[in-house]
Amino acid sequence: MLYFARGNPTEAISEEGLREGLTAALERLGPRRRVLAVGPDITRLHSQAGLLTQMAWSYYGAALRDVLPAIGTHRPMTPDEIKRMYGEIPLPLFRVHDWRNGIVTRGEVPASFVREVSEGKVDYAWPAQVDRLLVEGGYDLILSIGQVVPHEVTGMANYNKNILVGTGGQEGINKSHFLGAVYGMERMMGRADTPVRRVLNYASEHFLKDLPIVYVLTVVDGGGGRPQVRGLFIGDDQECFLRAAALSLEVNFTMLERPLQKAVVYLDPEEYKSTWLGNKSIYRTRMAMADGGELIVLAPGLREFGEDAEIDRLIRKYGYVGTERVLALVAENKDLRANLSAAAHLIHGSSEGRFRVRYCPGGLSRREIEGVGFAWGDLDEMMKRYQPAGRKDGFHVIDGEEVFFISNPGLGLWAFRERFREI
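Quick caveat, the model's predicted, so the values are computed rather than measured.

## Observations regarding the overall build of the protein chain
- Helices and strands together make up the secondary structure of the protein chain, namely 18 helices and 18 strands.
- A compact globule built from 423 residues would reach a C-alpha radius of gyration of about 22 Å, and the protein chain, at 20 Å, matches this within 12%.
- The dimensions of the protein chain, computed from C-alpha atoms along their principal axes, are 60 × 45 × 40 Å.
- Evaluated residue by residue, the protein chain yields a buried proportion of 62% over its 423 residues.
- Long-range contacts, defined as pairs at least 24 residues apart, comprise 78% of the intrachain contacts of the protein chain with a sequence gap of at least 6.
- Accessible surface computed for the protein chain: about 16,200 Å², of which carbon and sulfur atoms make up 47%.
- Positive and negative side-chain charges in the protein chain, numbering 52 and 55 respectively, have mean positions lying 1 Å apart.

Put into structure tokens, the structure is as follows:
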């Protein structure tokens, strides 16, 4: 059922508008005694999920028993990050998702189904895993709150991904990421119907029906430099997601008439501290980059490769070496086979030799950057040259050279029109 829907590509929904929409939906749901909010971490700061969670807390009061950030394999949020994103919600309400040990397997998507939707590229069953808190917490409402935006693993972020991946387990996360990587991210980004989404939908239909999940989905436009909420969709089935995804495709997808010879992407240091996250600069621009072009990533907060210590080790060990080499490494090495999400990430983060990626990090050395297969750039020098503060997204001429600037890769998807048509 769709409880609330509002949005179009030109509308700017105010804070009060968000509150009115959420309140209208919660009124339709009726009284609840025990509520869990499942929102994103600081890496989705601009989603407005933190603000919406605060509004839910204000509405329910003591009935909002717990807040579970859907961190997937990311590191847990710090108290400062929680305060910045979730405001005055008391810290004791926050729980930490343990994606290795704190999960319950509700069922298994058959290998035959996964094989069919992947066009035979993988042949394994997929476990539908969620944080045990969702199952054992005794909730009469689970609010899954987040932003729908083009995504490299599922095609479009959020909806049941927030539950089955964001609060999922190691095996499910690994296998979903690997499925998306071998099928091809460029075939999926910006699309609501993908192999990974079909697997998640199968799991929702067969294994999550008993959980009282309601999805609160935003669509946010970051193209003007200051994020604007263009849509709010609230419901308990796929309709709210499809409505949000259709709007996101209009709002978050920039189609270019010619490929980019040089792009500069800025990574906010509060959101992007690892290449695990910062490689959105590569994922979201790869369909726009010209062969032989250069992508410059200004990353003042970059201090690690993986959000998880073991994944960080694997990235350092194997590097971003391209699909063919990564698949060979998976076949040859047990540690990579045991961490297929890391293998998928290595595929995602490679330009396949088609264009150069130059990382300009604030907390990693030149040796570390070059050791994983990227070119290195001096951050101070590049910040002075490209001056990202206050710069609008789009084309600029800098030192006589045309440059395409992106202030936050997590808020969009960019593609060269002819390349997108070919995929």
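## Here's the deal with the pattern of salt bridges
- For the structure shown, the criterion picks out 35 salt bridges.
- For the salt bridge of Asp66 with Arg95, the shortest nitrogen-to-oxygen distance reads 2.8 Å. Linking Asp66 in strand 3 (residues 64-69) with Arg95 in the loop between helix 3 (79-86) and strand 4 (103-109), this pair joins segments that are 29 residues apart in sequence.
- With relative accessibility at 5%, the residue Asp66 sits in the buried group.
- Note on Arg95: relative accessible area 32%, which makes it partly exposed.
- Salt-bridge contacts for Asp335 lead to Lys317; the nearest nitrogen and oxygen are separated by 2.8 Å. Pair noted here: Asp335 is in helix 14 (residues 334-337) and Lys317 is in helix 12 (residues 309-318), with a separation of 18 residues, a long-range link.

Reading guide: rules and limits
- Residues numbered from 1 in each chain as written.
- Predicted model: local features only at pLDDT ≥ 70, side-chain atom pairs only at ≥ 80, totals over all residues.
- Heavy atoms only, no water.
- Helix = DSSP H or I, 4+ residues; strand = E, 2+ residues; numbered from the N terminus.
- Rg over C-alpha atoms; globule rule 2.2 N^0.38 Å.
- Buried < 20%, exposed > 50% of the residue type's maximum accessible area, 1.4 Å probe, protein only.
- Contact = heavy atoms within 4.5 Å.
- Areas by Shrake-Rupley, 256 points an atom, 1.4 Å probe, with all protein chains shown as cover.
- Lys, Arg positive; Asp, Glu negative; His and termini not counted.
- Charge placed at Lys NZ, Arg CZ, Asp CG, Glu CD.
- Salt bridge = Lys/Arg side-chain N within 4 Å of Asp/Glu carboxyl O.

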